[in-house]
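# Coordinate analysis (summary)
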Amino acid sequence: MIRINEHYLKLTASYLFSEIARRVADYAGKNPGKEIVRLGIGDVTLPLPPACIAAFHRAVDDMASVKTFRGYGPEQGYDFLREKIAEFDFRSRGAAVSPDEIFVSDGAKCDTGNFQELFAHDTAIAVPDPVYPVYVDSNVMAGRTGENRGGRYAGLVYLESTEENGFIPGIPRERVDLVYLCFPNNPTGATATKDELARWVDYARENRALILFDAAYESFIRDGALPHSIYEIDGADEVAVEFRSFSKTAGFTGTRCAFTVIPKKCRAYTGGGEPVFLHQLWLRRQTTKFNGVSYPVQRAAEAVYSEEGRRQVRELGDYYLKNASLIRERMSGLGYPCAGGINAPYIWIKTDRDSWSFFDFLLEKAGVVCTPGAGFGPCGEGYIRMSAFNSRENVEKALERIAGALA
Ligand code: PLP
């Protein structure tokens, strides 16, 4: 008899975004012809920067000629891309990351979801609340948790991000081995200072723990004092792995390209306390289960670092950040306190009722879709997330309609 992995049955049945889709479809059915503006799901709306498109086209042409054709590439990514990443994303910020510490992949979702494979079954894990669900669900699937009760899985430590702590969770009282952190944060839009990250790095060093640092939104940081990478913190290279993505940075959500940084010094331990380098383990894992990102996509990603690519990517980010500031200003003006949306594309808005009720209210009265905070964890109750990934026209329209509905 073929048996299933029963840990899958512990996953909460309704994925947040399918429940949103169900309610939106229901509304659309009852209100035919009424236009809906979506400020919910975090997909980008602007096309790839022209520099990436030109490089993409050239690389497709390379595939058409015997002389320039490429078959299987290196599983860890082509050197031309890894060298640019190391130079522009890290060394230029004083973080000593070398090209061979970078693993190019087809998404930060896969990497943040797969990385837990490297760790023992009884690893003590801390996740933020509210949280990007992939960190939690991938550990549930691997059997590292008990059942879900009241929105939380037994066996996980939840790091509460609340108004009181400015949405930056403190160090937990209980000892944990693996900590997931995400800054700029999805969904709260919170950013962490160097001092705040340094506290986590110290904790990990003292407890031989590991930080999985998701920096998928670092390109939205405009405040010069904020760290873009955890490797801007001394000693982080021994205790942190960093995930990055071109998805939101340069519009690659459909094109797929990301990378994970594993410094050569970064370790985990055997049951007997012997250190093992994670770089070796992930290399072994990737060469077994992954066959690299396509050549044209890596060439398109390389173009992000060209002079015009950097300018175009900055403009792309500025466009969404302007949307974010419009949302923040308008919603706070209407009496709803906002967090995030300054160095991040998400605005975390405190509501005057529970988050699904506010979601229903905005949908029914304004035809606007947001994301209910409760879908990201119990600490998200009483909040909604609005995304800046939309056209200016749609953002302005949505805000006008919301103001009208609340009048
Ligand atoms: N990490 C966070 C925090 C995200 O919000 C997302 C996407 O929404 C991802 C990772 C996934 O990125 P990718 O498109 O590279 O898989």
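It should be noted that the structure appears before, not after, this text.
Below is a summary of the structure that appears in this document. In this text the structure is predicted, and so the values were computed from the model without any measurement. (Residues numbered from 1 in each chain as written. Predicted model: local features only at pLDDT ≥ 70, side-chain atom pairs only at ≥ 80, totals over all residues. Heavy atoms only, no water.)

### Comments concerning the overall build of the chain
Operational definition: Segments assigned H or I by DSSP are reported as helices when at least four residues long, segments assigned E as strands when at least two residues long, and all are numbered from the N terminus. Restricting the calculation to C-alpha atoms gives the radius of gyration, and the globule rule supplies 2.2 Å times the number of residues raised to the power 0.38. When accessible area is computed with a 1.4 Å probe and restricted to protein chains, residues below 20% of their type maximum are described as buried, those above 50% as exposed, and intermediate ones as partly exposed. Contacts are assigned to residue pairs with any non-hydrogen atoms lying within 4.5 Å of each other. By the counting scheme adopted, Arg and Lys are positive, Glu and Asp are negative, and His together with the chain ends is not counted. By convention, the charge on Lys lies at NZ, on Arg at CZ, on Asp at CG and on Glu at CD.
Secondary structure summary: the chain contains 12 helices and 17 strands in total. Over its C-alpha atoms the chain spans a radius of gyration of 21 Å, differing by no more than 12% from the 22 Å that the globule rule assigns to 407 residues. With the C-alpha coordinates of the chain rotated into their principal frame, the extents come out at 60 × 55 × 55 Å. Across the 407 residues in the chain, those meeting the buried criterion constitute 53%. For the chain, the proportion of contacts with a sequence separation of at least 24, taken over those separated by at least 6, is 71%. Here the chain contributes 48 positively and 53 negatively charged side chains, and the mean placements of these two sets differ by 2 Å.

### Quick notes on the environment of arginine 222
This is how the line gets drawn: Think of a polar contact as two N or O atoms within 3.5 Å of one another; within protein, one of them needs to be a possible hydrogen donor and the other a possible acceptor, and neighboring residues in sequence only count if both atoms come from side chains.
The topology assignment puts arginine 222 in the loop between strand 8 (210-214) and strand 9 (240-245). For arginine 222 and glutamine 76, which are 146 residues apart along the polypeptide, the C-alpha to C-alpha distance reads 30 Å. Not counting residues up to four positions away in its chain, the partners in contact with arginine 222 are Arg314, Gly317, Asp318, Leu321 and Asn343. Separated by 3.4 Å, the side chain of arginine 222 and the backbone oxygen of arginine 314 make a polar contact.

### Describing the side chain of glutamate 101
Quick note on the threshold: Salt bridges are identified by distance alone: a Lys or Arg side-chain nitrogen within 4 Å of an Asp or Glu carboxyl oxygen.
Tracing the chain through its elements places glutamate 101 in the loop between helix 3 (79-90) and strand 2 (102-105). We note that glutamate 101 is buried and unpaired, the nearest opposite charge coming from lysine 264 at a distance of 5.5 Å. Those residues within four positions of glutamate 101 in sequence are excluded, and the remaining contacts are Ala96, Thr260, Val261, Ile262, Pro263, Lys264 and His279.

### A closer look at the site of the ligand
The line we're drawing: The near set for a molecule or strand comprises every residue that places at least one heavy atom within 4 Å of it. Think of it as three bins: nonpolar holds Ala, Val, Leu, Ile, Met, Phe, Trp, Tyr, Cys and Pro, charged holds Asp, Glu, Lys and Arg, and polar takes everything else, Gly as well.
In the neighbourhood of the ligand, 14 residues make up the surrounding shell, with Ala108, Asp214, Tyr217, Ser245 and Ser247 lying closest. Elements with a contribution of two residues or more to the shell around the ligand: helix 4 (108-114) and helix 7 (247-250). Class assignment of the residues belonging to the shell around the ligand gives a composition of six nonpolar, four polar and four charged.

### Regarding the environment of lysine 248
Inspection of the secondary structure puts lysine 248 in helix 7. Residues lysine 248 and valine 44, 204 residues apart in the sequence, show an inter-C-alpha distance of 6.6 Å.

### Things to note about the sheet that holds strand 8
Convention followed: Any two strands with at least two DSSP bridges between them are considered paired. For helices, the fitted axis covers only the stretch in contact; all axes are lines through C-alpha atoms, and the angles between them, taken along N-to-C directions, range from 0 to 180 degrees.
Strand order in the open sheet formed by seven strands is 2-10-9-8-7-3-6, and the pairing between neighbours is mixed. The outermost strands of the open sheet, each flanked by one partner alone, are strand 2 and strand 6 (156-160). The mean angle between the axes of side-by-side strands here comes to 20 degrees, regardless of whether they run parallel or antiparallel. Taken strand by strand, helix 3 contacts strand 2, strand 9 and strand 10 (258-261), and its axis lies near 115 degrees from that of strand 2. Along the sheet face, helix 5 (residues 133-141) touches strand 3 (125-129), strand 6, strand 7 (178-182) and strand 8 and points at about 145 degrees away from the line of strand 3.

### Quick look at helix 2 (residues 50-62)
Basically, it comes down to this: Under the convention used throughout, the expected extent of a helix is 1.5 Å for every residue step, that is, one less than its residue count. Arc definition: it is the arc formed by the directions from the helix axis to the C-beta atoms.
With 13 residues, helix 2 should cover 18 Å at 1.5 Å per step; its first-to-last C-alpha distance of 19 Å lies within 8% of that length. Every buried residue of helix 2 is accounted for by Ala51, Cys52, Ala55 and Ala59. Summarising the axial view, the buried residues of helix 2 lie within an arc of 95 degrees, below the 170-degree limit, and thus occupy one face. Counted as exposed and oriented over 90 degrees from the buried face of helix 2: Pro50, His57 and Asp61. Looking at the buried side of helix 2, the elements it contacts are helix 9 (295-302) and helix 10 (307-333).

### Focus on the packing of helix 1 (residues 16-30) against helix 11 (residues 355-366)
Here is the rule we go by: By convention the crossing between two helices is left-handed if the near helix lies anticlockwise of the far one by an angle smaller than a right angle, and right-handed if it lies clockwise.
Where helix 1 contacts helix 11, the axes come no closer than 11 Å and their chain directions differ by 35 degrees. Helix 11 is crossed by helix 1, and the crossing has right-handed handedness. For the pair helix 1 and helix 11, contact is made by Leu16, Glu19, Ile20, Arg23, Val24 and Tyr27 and by Trp356, Phe359, Asp360, Leu363 and Glu364, respectively. Residues of the contact of helix 1 with helix 11, tallied by class, amount to seven nonpolar, no polar and four charged.

### Some points on the sheet that holds strand 14 (residues 346-350)
Across the sheet, four strands lie side by side as 13-14-17-16; this open sheet has antiparallel pairing. If you trace the sheet from one side to the other, it starts and ends with strand 13 (338-340) and strand 16 (371-372), each paired once. Two strands pair when backbone bridges link them, and strand 13 and strand 14 are joined in this way by three bridges, in the antiparallel orientation. In the strand pairing of strand 14, cysteine 338 is matched with isoleucine 349.

### Focus on unusual backbone geometry
The general pattern is negative phi for most residues beyond glycine and trans for most peptide bonds. Residues phenylalanine 183 and proline 184 are joined by a peptide bond in cis, for which omega reads -10 degrees. For the bond running from asparagine 186 to proline 187, omega is 15 degrees, close enough to zero to count as cis. Unlike most non-glycine residues, arginine 208 shows phi in positive territory, near 50 degrees. For arginine 208, the location among the structural elements is in the loop between helix 6 (194-207) and strand 8. Positive phi, normally seen in glycine, also occurs at arginine 256, with a value near 75 degrees. Residue position: arginine 256 is located in the loop between helix 7 and strand 10.

### Side note on the packing of aromatic side chains
Selection criterion: To pair, rings of Phe, Tyr and Trp, with the six-membered ring standing in for Trp, must have centres within 6.5 Å; the planes then decide the type, stacked if under 30 degrees apart, edge-to-face if over 60, and tilted in the middle. Placement of a charge over a ring requires the Lys NZ or Arg CZ to be within 6 Å of the ring centre, with the centre-to-atom vector within 35 degrees of the ring normal.
Counted under the stated rule, the structure contains 27 aromatic pairs. Measuring from centroid to centroid gives 5.9 Å for phenylalanine 220 and phenylalanine 389, while their planes differ by 70 degrees, and the two rings are edge-to-face. A residue pair is termed long-range when its members are at least 10 positions apart, and phenylalanine 220 in the loop between strand 8 and strand 9 and phenylalanine 389 in the loop between strand 17 (383-387) and helix 12 (392-406) qualify at 169 residues. You can call phenylalanine 389 buried: its relative accessible area is 2%. Of the aromatic side chains, those joined through ring pairs into one cluster are Phe88, Phe90, Tyr231, Phe246, Phe252, Phe259 and Tyr305. For the cation-ring pair, arginine 208 lies above tyrosine 269, with the distance from its terminal atom to the ring centre recorded as 4.6 Å.

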